[in-house]
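Okay, here's what each chain looks like letter by letter:
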Amino acid sequence: MKRSLLQAITIILLSGVFGLAVNGLRADGIPLVERWQEKVLNEQLTGGLPAVSLKEAKEAHANGDALFVDAREAAFYEEEHIPGAVSLPVEDFEKDFTRLQEQLLAAPRLITYCDGASCEMSVELTEKLLFAGFNQVEIFTGGIQQWKAAGQPVISGKN
C-alpha cells in the first residue's frame with residue numbers, strides 16, 4: 001500500500017514538473033503569474049476597452065509598434081507629450097480626425113492616452129476611433145503622468 005501511494009505521488013509530481021517545463025518552453029504558454037490587481041484597475045478605468053500597461057506602452061514605443069494618440073487639449077499636447085505621438089483632442093475629434101486619418105490608418109496599432117488614471121478623455125477617444133472603424137486601439141491608462149514618473153522622455157511643441 002505504501003509503495004503504491006509513493007508511486008502515485010511520484011507520478012503526480014513528475015507530471016506537474018513535465019507540464020510546467022512544456023508550458024515554459026512554448027511560445028504561447030500560459031502565464032503562471034498575473035497582475036490581477038492591475039488588470040482589474042484597467043478594466044474599471046476603461047470600461048472593458050483594451051488597455052496596455054506601462055511596460056507594454058514602453059515596449060511598443062521602443063519598437064515603433066504603435067502610434068501614440070494624445071487625447072488631451074492641444075495646449076497640453078504642445079506643453080509636453082510622448083515623442084512621436086499625434087494630437088487628436090477628443091473635443092475636436094471631428095475637425096482633426098480627417099487631417100490625421102491617413103496617418104492613423106497607416107499605423108499597425110494605436111495607443112491613446114491622456115493625463116493619467118483620473119482622465120477619461122483617452123477612453124472617449126478610443127470609443128470614437130473604434131466607432132470610426134479602427135480595431136487596433138488600446139488605452140494607456142497611466143497617461144503622461146505615469147510615463148514621466150517612470151523616467152520616460154517627453155517633448156514639447158506642435159505636430
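In the block above lies the structure referred to throughout.
Position labels on residues start from 1 in each chain and follow its written sequence. The predicted origin of the model limits local features to residues at a pLDDT of at least 70 and limits the giving and counting of side-chain atom pairs to 80 or more, whereas totals for whole chains, interfaces and linings rest on all residues. Side-chain metrics in this entry use all non-hydrogen atoms of the structure; hydrogen atoms and water are not considered.

Q: Which parts of the structure should I look at to understand the overall build of the chain?
A: Numbering of helices and strands runs from the N terminus; a helix is a DSSP stretch of H or I covering at least four residues, while a strand is a stretch of E covering at least two. Within the chain, the regular secondary structure consists of seven helices and five strands. Secondary structure of the chain in N-to-C order comes out as α-α-β-α-β-α-β-α-β-α-β-α. At a minimum sequence separation of 6, the contacts of the chain that also span at least 24 residues come to 65%. Note that accessible areas follow from Shrake-Rupley with a 1.4 Å probe, and for residues the cover is restricted to the protein chains shown. Only carbon and sulfur atoms are counted for the fraction: they give 57% of the accessible area of the chain, which is about 10,100 Å². Residue contacts are counted whenever heavy atoms from the two residues lie within 4.5 Å of one another.

Q: For this particular structure, what's the right way to read the nonpolar core?
A: Nonpolar side chains in soluble globular proteins tend to end up buried together. One finds Val69, Leu88, Leu104, Leu110, Leu125 and Leu129 to be the most contacted residues of the largest nonpolar core, which totals 18 residues. Only strand 2 (67-70), helix 5 (93-106) and helix 6 (121-131) provide two or more residues apiece to this core. Here this core gets four residues from one element, more than from any other, and that element is helix 5. Those residues within four positions of leucine 104 in sequence are excluded, and the remaining contacts are Leu67, Val69, Leu88, Phe97, Leu110, Leu129 and Phe134. Buried residues of nine kinds, namely Ala, Val, Leu, Ile, Met, Phe, Trp, Tyr and Cys, make up a nonpolar core once their side-chain atoms join them within 4.5 Å. A simple rule labels every residue: compare its accessible area, found with a 1.4 Å probe on the protein chains alone, to the largest value its type can have, and call it buried under 20%, exposed over 50%, or partly exposed in between. One finds Ile82, Ala85, Ile111 and Phe140 within the second-largest nonpolar core, a separate group that totals 14 residues.

Q: Would you take a moment to explain the state of the cysteines for this structure?
A: Covalent bonding between the sulfur atoms of two cysteines is what defines a disulfide. By definition, disulfides here are pairs of cysteine sulfur atoms that lie within 2.5 Å. All told, the structure shown has one disulfide when counted by the stated rule. Each disulfide pairs two cysteine sulfurs, and for cysteine 114 the partner residue is cysteine 119, the sulfurs being separated by 2.3 Å. Of note, the bridge from cysteine 114 to cysteine 119 carries an S-S torsion of about -135° and is left-handed in sense. With respect to burial, cysteine 114 and cysteine 119 carry one shared label: buried.

Q: Please explain the pattern of salt bridges as it appears in this structure.
A: For side chains of opposite charge, pairing can occur when their charged atoms come near one another. Here, a salt bridge means any side-chain nitrogen of Lys or Arg that lies within 4 Å of a carboxyl oxygen of Asp or Glu. In this structure the tally under the stated criterion is five salt bridges. With its nearest N and O atoms 2.8 Å apart, the salt bridge here joins lysine 148 to glutamate 80. Pair noted here: lysine 148 is in helix 7 (residues 143-149) and glutamate 80 is in the loop between helix 4 (74-79) and strand 3 (86-87), with a separation of 68 residues, a long-range link.

Note that every value here comes from positions in space, so none of it alone points to a role or purpose.
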